[in-house]
Amino acid sequence: MKKKIYIHPHTPSERTLAEALNSLSPPLNPRIKDQLITAFRQIQARIRDAAINQPSYHAHQTQSLSDGKHTVTLVGQVEPPSTLQKVMDIFN
């Protein structure tokens, strides 16, 4: 199963991310889950810095991890995803 999670300067919270990861069936490998949470913290910190320091600057960062059953992609960006991005996610 593929799952894409968008990260913005203040959303989602780490708790929301953990709930999304816990909802996967079969369960996500605990080591991969820990790595995703660590990557989430790093990406969100960089996106917050970009939003504060350079408001007109477009920052984008992606991290994908897989445990063989699931592929989770974290997409960090200052701007929310466009409608086109959401539609393209459905077909990917």
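Residues numbered from 1 in each chain as written. Predicted model: local features only at pLDDT ≥ 70, side-chain atom pairs only at ≥ 80, totals over all residues. Heavy atoms only, no water.

Grouped together as the largest cluster of nonpolar side chains are 19 residues, with contacts concentrated most on Ile5, Leu17, Leu21, Leu28, Leu36, Val72 and Leu74. Of all the secondary structure elements, the ones that give two or more residues to this core are β1 (2-7), α1 (14-22), α2 (30-53) and β3 (71-77). It is α2 that provides the largest number of residues to this core, a total of eight residues. Among all residues touching leucine 74, those that are not within four sequence positions of it are Ile5, Ile7, Leu17, Leu36, Ala39, Phe40, Ile43, Gln61, Thr62 and Gln63. (Core = buried A, V, L, I, M, F, W, Y, C linked by side-chain atoms within 4.5 Å. Buried < 20%, exposed > 50% of the residue type's maximum accessible area, 1.4 Å probe, protein only. Helix = DSSP H or I, 4+ residues; strand = E, 2+ residues; numbered from the N terminus. Contact = heavy atoms within 4.5 Å.)

Moving on, we get to the pairing of β3. Most of β3 sits out of view: six of its seven residues are buried. With six bridges connecting them, β1 and β3 associate as parallel partners. Within β3, the residue paired with tyrosine 6 across the bridge is valine 75. Relative to β3, strand β2 (residues 60-66) runs antiparallel, the two being bridged by seven bridges. In the sheet register, serine 64 faces β3, and the bridge partner there is threonine 73. Connecting the antiparallel pair β2 and β3 is a turn made up of four residues, with glycine 68 showing a positive phi of about 95°. (Pairing = 2+ DSSP bridges.)

On to the sheet that holds β3, then. Taking strand neighbours across the sheet as the criterion, the three strands line up as β1-β3-β2 in an open arrangement whose pairing is mixed. Two strands lie at the open edges of the sheet, namely β1 and β2, each paired on one side alone. If you compare each strand with its neighbour and ignore which way they point, the axes differ by 15° on average. (Axes fitted to C-alpha atoms, helices over the stretch in contact; angles between N-to-C directions.)

Next up on the list: unusual backbone geometry. Looking along the chain, the bond that leaves threonine 11 and enters proline 12 is cis, with omega of -10°. Here proline 12 is to be found in the loop between β1 and α1.

A few words now on the side chain of glutamine 77. With respect to the secondary-structure elements, glutamine 77 resides in strand β3. A relative accessible area of 2% means that glutamine 77 is categorised as buried. Only 3.2 Å separates the side chain of glutamine 77 from the side chain of histidine 60, close enough to count as a polar contact. Excluding anything up to four places from it in sequence, glutamine 77 contacts Tyr6, Ile7, His8, Pro9, Ile47, Ala59, His60 and Gln85. (Polar contact = N/O pair within 3.5 Å; in protein donor to acceptor, adjacent residues only side chain to side chain.)

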